[in-house]
Amino acid sequence: MADDLFNSFMNGPDENGRFGDFGGRFVSETLMPLILDLEAEYENAKTDASFWAEMDDLWTHYVGRPSPLYYAERMTEALGGAKIYLKRDELNHTGAHKINNVLGQILLARRMGKTRIIAETGAGQHGVATATVCARFGLKCVVYMGAHDVERQAPNVFRMRLLGAEVVPVTSGRGTLKDAMNDALRDWVTNVRDTFYCIGTVAGPHPYPAMVRDFQAIIGKEAKQQLQEQEGEGRLPDTIIAAIGGGSNAMGLFYPFLDDPSVNIIGVEAGGKGVNEKMEHCASLTGGRPGVLHGNRTYLLQDDDGQILEGFSISAGLDYPGIGPEHSWLHDIGRAKYVSITDAEALEAFQFCCTQEGIIPALEPSHALAHVMKIAPELPKDHIIIMNMCGRGDKDIFTVARALGFDMETKD
Amino acid sequence: MTRIDAKFAELAAAGRKAFVAYVMAGDPDYETSLEIVKGLPGAGVDVIELGLPFTDPMADGPTIQLAGQRALDGGMTLQKTLDLATEFRKTDTTTPIVLMGYYNPIYSRGVARFLEDAKAAGIDGLIVVDLPPEEDSELCIPAQEAGLNFIRLATPTTDDRRLPKVLQNTSGFVYYVSITGITGAAEAEAADVAPEVARIKSAANLPVIVGFGVNTPEKAKAIAGVADGTVVGSAIVKQIGEGKSPAEVLAFVKTLADGAHSA
């Protein structure tokens, strides 16, 4: 594959923003000129050494990159099979991979002379990352967050406010992440002159899916190099695994390995209570079908009439009825495999990680870890797995406590 | 020639401005909605814009969002929206109906099947908010081939460089969005709109209808006065949302139509 550039999996999207039939630019006319401007600015920045020099400087000194690639020795021994490495993106400033992308978009916004930044957030990690970088650059920041999520993610709401951002609880629709994205788009269409929309995942109209992927690809690039440093020149992982809501941490890990045919690529969707008829899950690829939402064609949870359904997951960060279009394409062509993990399995993996490695993971990567726990015991000891530990679990301890029946109420 | 083309030819010959009214299909329920739609031509409506409910109406303000939710909660679907048009056509064979909504319900049904069914239901044109000219091959071109008008939105951000692309595959009329923003959020100003209408008319030989931010008979008159007509949506939908009877809603629509027609 890598020998034949014409068959590379890394050439997408095409000039219309398509990955195969997925992606595109399904937005209202008011926004079209804006996303065309953004595309032009990004194309320009992409080949501008000074843009990447500034990114590298901030990644190193502000975010703390490179994040370590860590051999999880006790976990490997306990599972008794494949050798497990964790890419430690939970050690980034703000505790997740989200800031990799936010920095890139904010630098672009500055190049474009935009002074007001808007973002949507589910669990609050992208909102916190955006509020953080806006504070760093003195930009006005407005974060749209579903009213339901504002309630269940109070610590992150407070963090964003401490960082100077305005958090707008979204009550339109059902008050969830997809509605927060709708309201962010409505804000953008209203404030077209001064506002930059900083999308948190590899979804939305072109160029967002490609741009966010390119900013997150630092994860996979580092991992590729770090594994060689630890396992020898030319050694590639045999399997790479990441959790998927919209799919940005996964795309970031997968992208640099797409043309390495020996590498198995596995994306893990949130199976909620199980991928069933009642749709109590967020597994767009396993339980959805192609449709058009939020500017792109991709797999979506929807009913027979094309109305969008709410996802269900214990993890607010995976709670989105769609998935990035590049994942839909990788799924359809078979380059990556997508599986789902239930809430219960993720909770078990969460606890396993705490006690085996002394790492409290976020619930999102706990889904990826649960799949590692399923496959590692059956694999030979020289099989190397890299799993993206894309976020730390501090934000989730309340949810986990509730699920495990532990009373977290502090009494004065 | 579609019913839309015929209607605008007739209005032009009479020297009259067009009044276009938007209501959400199935709001607050199928029967009431049908009764309102049937009464629109009698209230002076020249073109009916029939909203197709969608869970995620990204270009709409709270008034129309809530109307869509009411309709969906009442079990409205794309099929029932087409059924409503079919019922209307039994009583009115000349008033054009433009279906306005978002792409996913149409894509979900399948474009070819949708166009066949829409045509059979007596739909004359489509406004699909999330299909810019960059995505013309999806629905715009197949719709024109099937004999339906595809009405494009032009906006304040559509500059001269982009305008020809927006107008290229537009037919029936051009819908000029008078504000940057969502439906029902801000007020349109005739003084801002007039030069924009002139700019579009110099680039296309099509009627230009102005909407978003038109909410009173006076505003309808002022905006229609600087264009070929005007659209009112949120202000009408708001009355339906407040639980007004079809007779009350239609009486309000008549004041708006009279306003536009007095321009």
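Rules used in this analysis
Residues numbered from 1 in each chain as written. Chains lettered and ligands numbered in written order. Predicted model: local features only at pLDDT ≥ 70, side-chain atom pairs only at ≥ 80, totals over all residues. Heavy atoms only, no water. Pairing = 2+ DSSP bridges. Helix = DSSP H or I, 4+ residues; strand = E, 2+ residues; numbered from the N terminus. Phe/Tyr/Trp six-rings, centres within 6.5 Å; stacked < 30°, edge-to-face > 60°. Buried < 20%, exposed > 50% of the residue type's maximum accessible area, 1.4 Å probe, protein only. Domains from an automatic or database assignment. Buried area = accessible area lost by both parts, 1.4 Å probe. Salt bridge = Lys/Arg side-chain N within 4 Å of Asp/Glu carboxyl O. Core = buried A, V, L, I, M, F, W, Y, C linked by side-chain atoms within 4.5 Å. Contact = heavy atoms within 4.5 Å.

Caption draft 1: The arrangement of the sheet that holds strand β5 (residues 149-150) of chain B in detail. Residue and element names in this part refer to chain B. With respect to topology, nine strands assemble into an open sheet ordered β5-β4-β3-β2-β1-β9-β8-β7-β6, the strand pairing being parallel. Whereas interior strands pair on both sides, the edge strands pair on one side only; in this sheet they are β5 and β6 (153-154). Sheet topology note: the strand β7 (residues 174-177)/strand β8 (residues 208-211) ladder contains four bridges and is parallel. Bridging across to β8, V177 finds its partner in G211.

Caption draft 2: Region of interest: the packing of aromatic side chains. All names here are of chain A. Applying the stated criterion across every chain yields a total of 16 aromatic pairs over all chains. Between Y42 and F215, the aromatic rings sit 5.7 Å apart at their centres with planes inclined by 75 degrees, giving edge-to-face as the arrangement. In this pair, Y42 is assigned in helix α1 (residues 32-46) and F215 in helix α9 (residues 208-216), connecting sequence segments 173 residues apart. For the residue pair Y42 and F215, the accessibility class agrees, reading buried in each case. Judged by centre distance (5.9 Å) and plane angle (65 degrees), the rings of W188 and Y197 are edge-to-face. For the residue pair W188 and Y197, the accessibility class agrees, reading buried in each case.

Caption draft 3: Inspection of the sheet that holds strand β1 (residues 18-19) of chain A at higher detail. Residue and element names in this part refer to chain A. The strand order β1-β2-β12-β11 describes an open sheet built from four strands, whose pairing is antiparallel. Each having just a single partner strand, β1 and β11 (289-293) make up the two edges of the open sheet. Pairing between strand β2 (residues 22-26) and strand β12 (residues 295-300): two bridges, direction antiparallel. By the bridge assignment for β12, F26 is matched with G295.

Caption draft 4: Summary view of the domain arrangement of chain A. Residue and element names in this part refer to chain A. Under the domain assignment used here, chain A contains domain 1 (19-24 + 31-60 + 98-211) and domain 2 (66-95 + 217-403). Here domain 1 and domain 2 have C-alpha centroids that lie 22 Å from each other. Both sides of the domain 1 and domain 2 interface together cover about 3000 Å² of buried area, and 61% of this is carbon and sulfur. Counting across the domain 1 and domain 2 interface gives two salt bridges. Its salt-bridge partner being D21, residue R297 comes within 3.5 Å of it at the nearest N-O pair.

Caption draft 5: Representation of the nonpolar core in the model. Core analysis: the biggest nonpolar cluster contains 192 residues, and L126, L139, Y175 and I236 of chain B have the highest contact counts within it. Looking at which domains feed residues into this core, each of domain 1 (19-24 + 31-60 + 98-211) and domain 2 (66-95 + 217-403) of chain A supplies at least three. Excluding residues within four positions of it along the chain, Y175 of chain B makes contact with E49, M100, I127, I151, R152, L153, A154, I209, G211, F212 and V231 of chain B. Among the nonpolar cores identified, the runner-up in size contains 26 residues, and L79, A243, I266 and I359 of chain A belong to it.

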